[in-house]
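Structural features, examined
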Amino acid sequence: MSTSSLRRQMKNIVHNYSEAEIKVREATSNDPWGPSSSLMSEIADLTYNVVAFSEIMSMIWKRLNDHGKNWRHVYKVLPPGPWLPPPALTTGPPPPEPGSKPRSPGSQPPLF
């Protein structure tokens with residue numbers, strides 16, 4: 001175990017960070033490699049919990065305000081795609097009704 005991960009674990013305990021905050025801290029660490037896709041998926045799943053979502057966004061805000069030697073914290077938080085599922089994918093248009101004709105991508109829905 002590296003000294004940076006040991007130090008991170010100690011900070012997590014001392015600051016009493018929640019599971020969601022610890023995952024965000026791990027994903028946005030100063031390590032030269034990016035977070036794993038499984039960790040990003042876990043964080044995305046946690047956003048469906050109101051309390052965890054608030055904790056995640058709070059930690060992301062803290063990371064965005066880092067500077068100096070912690071530039072990787074900011075760099076790793078910037079792409080929003082991995083953090084939160086886009087609303088279009090979670091609340092997309094309703095499925096077509098049975099028996100209806102499929103619309104072409106450029107056509108407008110009927111106005112009546």
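Residues numbered from 1 in each chain as written. Predicted model: local features only at pLDDT ≥ 70, side-chain atom pairs only at ≥ 80, totals over all residues. Heavy atoms only, no water.

Per an unreviewed UniProt entry, the chain is named ENTH domain-containing protein, and its organism is Terrapene triunguis.

1. Overview of helix α2 (residues 19-27)
Put simply, the rule is: Residue burial is assigned from relative accessible area. The probe radius is 1.4 Å, only protein chains are included, and a residue is buried under 20% of its type maximum, exposed over 50%, and partly exposed in between. Numbering of helices and strands runs from the N terminus, with a helix taken as a DSSP run of H or I at least four residues long and a strand as a DSSP run of E at least two residues long. Contacts are residue-level and defined by heavy atoms, with any inter-residue pair within 4.5 Å sufficient.
Looking at α2, one finds that the buried residues are Ala20, Glu21, Lys23, Val24, Arg25 and Ala27. Contact partners of the buried residues in α2: α1 (3-14), α3 (37-46), α4 (50-64) and α5 (71-77).

2. What about α3?
Selection criterion: The directions considered for the arc run from the helix axis to the C-beta atoms.
Residues of α3 that are buried: Leu39, Met40, Ile43, Ala44 and Leu46. Projected down its long axis, α3 shows its buried positions confined to an angular sector of 160°, all on one face. Residues of α3 that are exposed and point more than 90 degrees away from the buried face comprise Ser37 and Asp45.

3. With respect to a nonpolar patch on the surface
Quick reminder of the rule: Patch definition: residues above 30% relative accessible area lacking any salt bridge, with like charges linked at up to 9 Å and the nonpolar side chains Val, Leu, Ile, Met, Phe, Trp and Tyr linked at up to 5 Å. Computed with a 1.4 Å probe, the accessible areas rest on the Shrake-Rupley method; for each residue, only the protein chains presented here act as cover. Each salt bridge in this description consists of a side-chain nitrogen of Lys or Arg and a carboxyl oxygen of Asp or Glu lying within 4 Å of one another.
On the surface, Met10, Ile13 and Val14 cluster together into a nonpolar patch covering about 350 Å² of accessible area. Tracing the chain through its elements places Val14 in helix α1.

4. Details of the side chain of Asn12
Filter applied, for reference: Whenever two N or O atoms come within 3.5 Å, that pair is a polar contact, provided that in protein one can donate a hydrogen and the other can accept it, and provided that, for residues adjacent in sequence, both atoms are side-chain atoms.
Turning to its location among the elements, Asn12 is positioned in helix α1. With a relative accessible area of 9%, Asn12 lands in the buried category. For Asn12, the side chain forms a polar contact with the side chain of Arg25, separated by 2.7 Å. Excluding residues that lie within four positions of it along the chain, Asn12 makes contacts with Tyr17, Ile22 and Arg25.

5. So, the nonpolar core
Which entries qualify depends on this criterion: Take the buried Ala, Val, Leu, Ile, Met, Phe, Trp, Tyr and Cys residues and link them wherever side-chain atoms come within 4.5 Å; each set so joined is a nonpolar core.
Core analysis: the largest hydrophobic core is formed by 13 residues, its most contacted members being Ala20, Val24, Ala27, Ile43, Leu46, Ile56 and Ile60. Mapped onto this core, the elements with two or more residues apiece are α2, α3 and α4.

6. Some details on the packing of α2 against α3
Test applied: Fitted lines through C-alpha atoms give the axes, limited to the stretch in contact for helices. The angle between two N-to-C directions lies from 0 to 180 degrees. Helix crossings get a hand from a simple test, with the near helix turned counterclockwise from the far one by less than a right angle marking a left-handed crossing and a clockwise turn marking a right-handed one. Residue classes follow a fixed rule: Ala, Val, Leu, Ile, Met, Phe, Trp, Tyr, Cys and Pro count as nonpolar, while Asp, Glu, Lys and Arg count as charged, and any other residue, Gly among them, counts as polar.
Interhelical geometry of α2 versus α3 gives an angle of 145° and a closest axis separation of 10 Å. In this structure, the crossing between α2 and α3 has a hand that is left-handed. Of the residues in α3, those touching α2 at Ala20, Lys23, Val24, Glu26 and Ala27 are Leu39, Met40, Glu42, Ile43 and Leu46. For the contact of α2 with α3, the residue count by class is seven nonpolar, no polar and three charged.

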